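What follows is the residue order along each chain.
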Amino acid sequence: NQSDLPLLTITPSVTANAGFVQLNASATVQFNLTNTGKQDFTVQSVSITDGGKAFSLLAPINNQVVAPGGSIPVKVAFSPVREADYKGKLEVRSTASNGARVQVALSGVGISGTAVAPGAVSGTWKKSASPYVVTGNITIGRNKTLTIEPGVTVKFAGRFGLTVGYRGTLKA
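In this text the structure is predicted, and so the values were computed from the model without any measurement.

Colleague: Tell me about the pairing of strand E4 (residues 41-49), and name the residues and values.
Modeller: In regular strands, side chains alternate between the two faces of the sheet. Across four bridges, the pairing between E4 and strand E6 (residues 62-66) is antiparallel. Paired with Ser45 across the bridge in E6 is Asn62. Bridge analysis of E4 against strand E8 (residues 84-94) gives six bridges, and the strand direction is antiparallel. Bridge assignment links Ser45 to a residue of E8, and that residue is Arg93.

Colleague: Lay out the nonpolar core with the relevant residues and their values.
Modeller: Core analysis: the biggest nonpolar cluster contains 27 residues, and Phe31, Leu33, Val43, Val46, Val74, Leu90 and Val92 have the highest contact counts within it. Excluding residues that lie within four positions of it along the chain, Val46 makes contacts with Leu33, Leu57, Ile61, Val74, Leu90, Glu91 and Val92. Judged by nonpolar contacts, the second largest core, of 10 residues, contains Val116, Val121, Leu146 and Ile148.

Colleague: Talk me through the pattern of salt bridges; I want residue IDs and the actual numbers.
Modeller: Side-chain pairs of opposite charge can arise whenever the charged atoms involved come near each other. Counted according to the given criterion, the structure contains four salt bridges. For the salt bridge of Arg93 with Glu91, the shortest nitrogen-to-oxygen distance reads 3.0 Å. Connected through shared salt-bridge partners, Glu91, Arg93 and Arg101 make up one network.

Colleague: Now, about the environment of Val74: what can you tell me, with residues and values included?
Modeller: Position of Val74 relative to the elements: it lies in strand E7 (residues 71-78). A residue is classified by how much of its surface remains accessible, and Val74, at 1% relative accessible area, is buried. Along the primary structure Val74 and Pro12 are separated by 62 residues, whereas in three dimensions their C-alpha atoms are 11 Å apart. Those residues in contact with Val74, other than ones at most four positions away along the chain, are Val29, Gln30, Phe31, Leu33, Val46, Leu57, Ile61 and Leu90.

Colleague: Residue-level account of the sheet that holds strand E17 (residues 162-164), with values.
Modeller: Reading across from one edge, E11-E14-E17 is the order of the three strands in this open sheet, with parallel pairing throughout. What marks the edges here is a single partner per strand, and that holds for strand E11 (119-120) and E17. Of the strand pairs in this sheet, E11 and strand E14 (residues 138-140) are connected by two bridges, and their pairing is parallel. Looking at E14, one finds that Ala120 is bridged to Thr139.

Colleague: Can you lay out the packing of aromatic side chains for me, pointing to particular residues and giving the numbers?
Modeller: Taken as a whole and judged by the stated rule, the model has four aromatic pairs. Arranged with centres 4.7 Å apart and planes meeting at 10°, the rings of Trp125 and Tyr132 form a pair that is stacked. For Trp125, a relative accessible area of 7% gives the class buried. For Tyr132, a relative accessible area of 6% puts it in the buried group.

Reading the values: the criteria
Residues numbered from 1 in each chain as written. Predicted model: local features only at pLDDT ≥ 70, side-chain atom pairs only at ≥ 80, totals over all residues. Heavy atoms only, no water. Pairing = 2+ DSSP bridges. Helix = DSSP H or I, 4+ residues; strand = E, 2+ residues; numbered from the N terminus. Core = buried A, V, L, I, M, F, W, Y, C linked by side-chain atoms within 4.5 Å. Buried < 20%, exposed > 50% of the residue type's maximum accessible area, 1.4 Å probe, protein only. Contact = heavy atoms within 4.5 Å. Salt bridge = Lys/Arg side-chain N within 4 Å of Asp/Glu carboxyl O. Phe/Tyr/Trp six-rings, centres within 6.5 Å; stacked < 30°, edge-to-face > 60°.

In C-alpha cells, the structure reads:
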C-alpha cells in the first residue's frame, strides 16, 4: 500500500512566482516539504539552479529527517539586480519513495521605478516617481481621472493593458 510508504508533498508543487520586485530589493517565497506517508524520510539536500543568480536559499537544508505528518519550511529569496524576467529551479533530493529528485520552477521579474498593481488607477503620476511599471491590467474607472505629468515614463512589465472606462479620463 503506497500510503504506508514515506511520501513527499511539496507546496507549492509546480511553480512559485516571486512576482514583481524592485531592483536591489528582495521578496521571499516559502515552500513546505511535508511527509504525507507513514514512515520517516530524509531530505538529503535542497538546491537552486539559477542562471541569473537572483534566487537563493535563506537557510541550507541537508540530511533532515521528516517524520510522518511533519514538514520542513524552505525559504527562497528573490533579489533581482537588473530589469529582467528570471527563471530558476528548486531541487529537492530525498529518500521519500515518490520524491528521490523533485524540481519546482521559480520565476520573478526585476523592475525599477514605481510599481503599479493591477486594478483601478486614478490620481496623478508624478515625474519624481517615474518610471511607473504596470504589473497587470489597469483601468481608469467611471468618473475617475488619471493625470500623467509631462516627462513621466510608463512601462508595461508584460502584455497588460490600460482601459479607460465609461466617462473615465486620461490626461497625459
